[in-house]
Each structure stands twice: as structure tokens, then as C-alpha cells.
Amino acid sequence: MPIYDLLYRCPLCDSETTTSLSNQTSCLGCKTIFSNSVDSQILVQPQREPAYLTSARMLNLSMKQLLKVRFDCVSNPDQSLLRSESIMAIVSEYQPIYSKKKLMGYTEIIRGGTAGHLILSNSLEFVETKGVLHHWNFDQIKSLQISSDAIQLYMQEKGLHQFKLIENSPKLWEDNLKLAISRCYLKQNLEIISYQPVIKTGRIKI
Amino acid sequence: MFYHFVRFIGRIYFRMRLNIQIEGEHFIPPKGPFILILNHVSDIDPFLAHTFCPRLLSTMTKSSAFRFKFVRILGPLVGAFPALRFRVDPQVVRVALRLLREGKAVGIFPEGERSWDGKLRDIKMGTVKFLLKANVPVIPCGIVGSYNIAPRWGKMDLLNLTGKRETVILRYGEPIFFGSHNSRSARANAFLATRSKVEHSLLDLTT
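First, a word on what this report is: a plain description of the structure on this page. Predicted, not measured: the structure shown is a model, and the values here were computed from it. (Residues numbered from 1 in each chain as written. Chains lettered and ligands numbered in written order. Predicted model: local features only at pLDDT ≥ 70, side-chain atom pairs only at ≥ 80, totals over all residues. Heavy atoms only, no water.)

**A short note on the sheet that holds strand S3 (residues 57–62) of chain B**
Residues and elements named next belong to chain B. With mixed pairing, the seven strands of this open sheet are ordered in space as S1-S7-S6-S2-S5-S3-S4. Each end of this open sheet is capped by a strand with a single partner; those strands are strand S1 (19–23) and strand S4 (80–83). Along the sheet, successive strands turn relative to each other by an average axial angle of 25°, direction set aside. Summarising the sheet, S1 and strand S7 (residues 167–172) pair through five bridges and their orientation is parallel. Looking at S7, one finds that Glu23 is bridged to Arg171. (Pairing = 2+ DSSP bridges. Helix = DSSP H or I, 4+ residues; strand = E, 2+ residues; numbered from the N terminus. Axes fitted to C-alpha atoms, helices over the stretch in contact; angles between N-to-C directions.)

Okay, here's the thing in C-alpha cells:
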């Protein structure tokens, strides 16, 4: 995965970042350059300050803080928080896997797909290029995970939906959706205990 | 036979490309079932585990990897079996228990996916319940150094013409015996202590 998948927004100013190179991304706002360095460190080169090395963990923590602030600042609940060009595919079949004629398990089969836009606001929507709208409330999402360059969501009674992201990072969607879902349950006084294999909630202890 | 051949090739490649160090190999029993639990920080972790574990491993692998035809054909030949990650998968438990009954070694990455930042992620609840149900020795294995070579947000330099061989340590820990927990209530009672034990054992081996 390219470094953009980790640093999908600038950890310093929260602006968007570029996707052009696999081992480097730069902020479109403050122009800071982030690049892979030795021993999995990240070289941060701000425009007006000296360069320094840091870890993915530090930058990730900063991004999560900025994401929370962005969510808190949304005044209109219908406002679109995130919009990405993607291809939606619904898994309806599972293929058995055998070894020495013994069943070892199943793999999901994904065929075709529908182009459109995935939109996160006060719910999750997918608008097909033809204009057809798909809509899900956050409590209909029963599981959430990244699979390569796609985000997979298991929707209640509707099965596994895969959204292959054309340009955006799947981690961008995972982080945003996790926060949106957790806030949806928070209104019901519930906290999320786990996201996989199914979203499990528990009552918040006061 | 094919598995042995792949391990042989893998050992040659990894020994040439990396400075592989193995610690605590004596904790791996020469025969009989056991579960190997490993931290997951890099793409190469499953390959390292399958190549250097003294016993042949069968490892739970994300089902989406089997979408590719070559993985569907070759994966099971080298011990990979699919686990659905987006819903409870009773089949993967049945298969793992069957392999253990046959006296085989089963590998599990209990975090469920690679870490983005090299730190241990939360241990999956289903894995903890499986460890309690299986009633076989659980051997923790910490993989140290692979994150520096191929983090989730980077890629490995497969040839590395600089000649520098980065060090990767596979560190096996003492076997843990959780005992027999046949009922749901027994597993529920032992759940928190078991998860904590698994987390601490992996943390001890990776720091």
C-alpha cells in the first residue's frame, strides 16, 4: 500500500494529501512532504521548518484527533463529511475451498460492480452514476473492514457490500465510518466493543 | 511435498535477503497439536512463519486472499485455509479443530489484520474463545523487525541490491495451557484473563 493510504490527510493541518507517488505524499494545504524513510520511520519536511523523522503511530494519533475535531465541527447533520468515487459490488455467492477433498472453508465471490459515489453524512449513501440511490443507516452496518483497496461492509439482511475506492484510501473510510458508527451508538448510550467479525456493543458504564 | 519444497526455497531466499534470527525454537513440540499465535505487522509475517516454524503450519488466512485462482490452488497446499472476517465463521473453527485433532499445528494472527503502526492491535474475541475451546498448548511467537522492512503502508525491496541484510527475529515463547473450557459459560468466565495473557505474552516477545 502507498504511504497515502496511511496519511490520507495531513497530520499537521488536516488538509488533503496527494496520491501520485507510492513512497511519498504531500499536503495540498501546508505543502509538507511526508516520505518513507529507513526502519519504517517517516520523514516530515515542512515548508518553513527543519525536517524531522517520526513514527507512523505519532502521525496516526494526530490524524485521529483532527478527525474528531472535524466531526465535532459539523453543524448541519445532513452535511456530507466524505465523498469518494467507488465501485460497489454485492457478494451473493461463496466458493468452497478444498484440500485433499476436505472442505477448508469459503471465499466470497465478487463479480462486476456498479460505479458511483460513496457518501458519508448522517447516514451512508451510494449514488450510482445512473442516479440510483442506496441508503443505509449506521446501525444497519454489522461489520466493517479493509480488504486491499476496498472497504467491506456487511449490511443487515443485505449481505456483504464491497466498495472499491478509485482514489481515496480505504483507511480514510474505515476511520471515518468507525467514528460515525460509534457516535450513532453513543446516542443510545452504547459503546462499541469490537468491529470484527461483527460490531458488538455494550452499555456504557457510568 | 510441495509445502516442503516451498519452505526450502523460502529459507534460501529469506536467509539471503534478511538476517533471520530464531529464538526459543525448543518450545515448539516435535509432535502433537498446538496453536501458534503471532503478531502481524507486515505482509511477510505469514511467509516467515510458514518458512521457519520447525513444524508444518496450517494458518487461518483472510478469505478474500482466496479470490485469486493461484491462491485457491496453491494456498491449501502450503497450509492456508480461509477465514471469513466479516461475520462469525463456524467453518473456520471446525477446520482448525479438525486439524488439531489430527495432531497438526495451527497458526493464528489474533489481531485479525496487519497493524498500521507496528504496535499490537486488540486481540479478536473469537480467537480467545477458540483458544479456550481447543484445549491444546498455545505457543506465542513475536515477529520483530518485519515492520521495518515492509510496513502496511510501504513495500518490501525484494532484491535489495545494497547488500544490507535487515534483522528479523522470530521469538517463540513458552507454551501456555489454558485448560479445558467446554461450555460457553466456562469460556465466558475465563475470557478476560485469557485475552490478557495472550496480549502480554505477545507484547513480551515483541518489545
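Having seen the model, we can carry on.
**Here's the deal with helix H1 (residues 2–17) of chain B**
All names here are of chain B. Over its 16 residues, H1 extends 22 Å from the first C-alpha to the last, a length consistent with the 22 Å expected when each residue adds 1.5 Å. Among the residues making up H1, those that are buried are Tyr3, Arg7, Gly10, Phe14 and Arg17. One side of H1 carries all its buried residues, which in axial view fall inside an arc of 105°. Residues of H1 that are exposed and angled more than 90 degrees away from the buried face: Phe5, Phe8 and Met16. The elements touched by buried residues of H1 are S1, helix H2 (45–52), S3 and helix H6 (146–149). (Expected span 1.5 Å × (residues − 1). Buried < 20%, exposed > 50% of the residue type's maximum accessible area, 1.4 Å probe, protein only. Arc of directions from axis to C-beta. Contact = heavy atoms within 4.5 Å.)

**Quick notes on the nonpolar core**
A:Ile42, A:Leu124 and A:Trp173 are the most contacted members of the largest nonpolar core, which totals 47 residues. At eight residues, helix H3 (residues 170–186) of chain A tops the list of elements feeding residues into this core. In this structure A:Ile42 touches A:Ile3, A:Leu6, A:Leu7, A:Phe34, A:Ser35, A:Tyr52, A:Leu53, A:Thr54, A:Ala56, A:Leu59 and B:Trp153, once residues within four positions along its chain are discounted. Counting residues in hydrophobic clusters, the runner-up holds 29 residues, among them B:Leu99, B:Leu132, B:Val136 and B:Val138. (Core = buried A, V, L, I, M, F, W, Y, C linked by side-chain atoms within 4.5 Å.)

**Some remarks on the pairing of strand S5 (residues 82–90) of chain A**
On a regular strand, each side chain points to the face opposite its neighbour's, so the side chains alternate between the two faces of the sheet. Residue and element names in this part refer to chain A. Note that S5 and strand S8 (residues 114–120) share seven bridges and pair antiparallel. In the strand pairing of S8, Ser86 is matched with Gly116. Alignment of S5 against strand S13 (residues 159–165), held across five bridges, turns out to be antiparallel. Counted as the bridge partner of Met88 is Phe163 from S13.

**As for the packing of aromatic side chains**
Here a ring pair, both rings aromatic, is described through the centre-centre distance and the interplanar angle of the planes. Within this structure, the stated rule accounts for seven aromatic pairs over all chains. Here A:Tyr154 and B:Phe86 contribute two aromatic rings whose centre-to-centre distance is 5.8 Å and whose plane-to-plane angle is 20°, an arrangement assigned as stacked. Here A:Tyr154 is found in strand S12 (residues 150–155), whereas its partner B:Phe86 is found in the loop between S4 and helix H4 (90–101) on a different chain. Taking relative accessible area as the criterion, B:Phe86 reaches 1% and is therefore assigned buried. (Phe/Tyr/Trp six-rings, centres within 6.5 Å; stacked < 30°, edge-to-face > 60°.)

**Focus: the layout of surface pockets**
When its volume is computed, the second largest pocket comes out at roughly 1,100 Å³. In terms of lining residues, the second largest pocket is bounded by 33 residues, among which A:Lys64, A:Lys178, A:Tyr195, B:Arg121 and B:Asp122 are the most central. If you list the elements that add at least two residues to the lining of the second largest pocket, you get helix H2 (56–72), H3 and strand S14 (190–194) of chain A together with helix H7 (184–206) of chain B. No other element matches the seven residues that H2(A) contributes to the lining of the second largest pocket. For the lining of the second largest pocket, the residue count by class is 11 nonpolar, six polar and 16 charged. (1 Å grid on protein atoms, 1.4 Å probe; cavity = no way out; pocket = protein on both sides within 12 Å on 5 of 7 lines; lining within 4 Å. Points joined across faces, edges and corners; volume = space filled by probe spheres on them. Nonpolar A, V, L, I, M, F, W, Y, C, P; charged D, E, K, R; others polar.)

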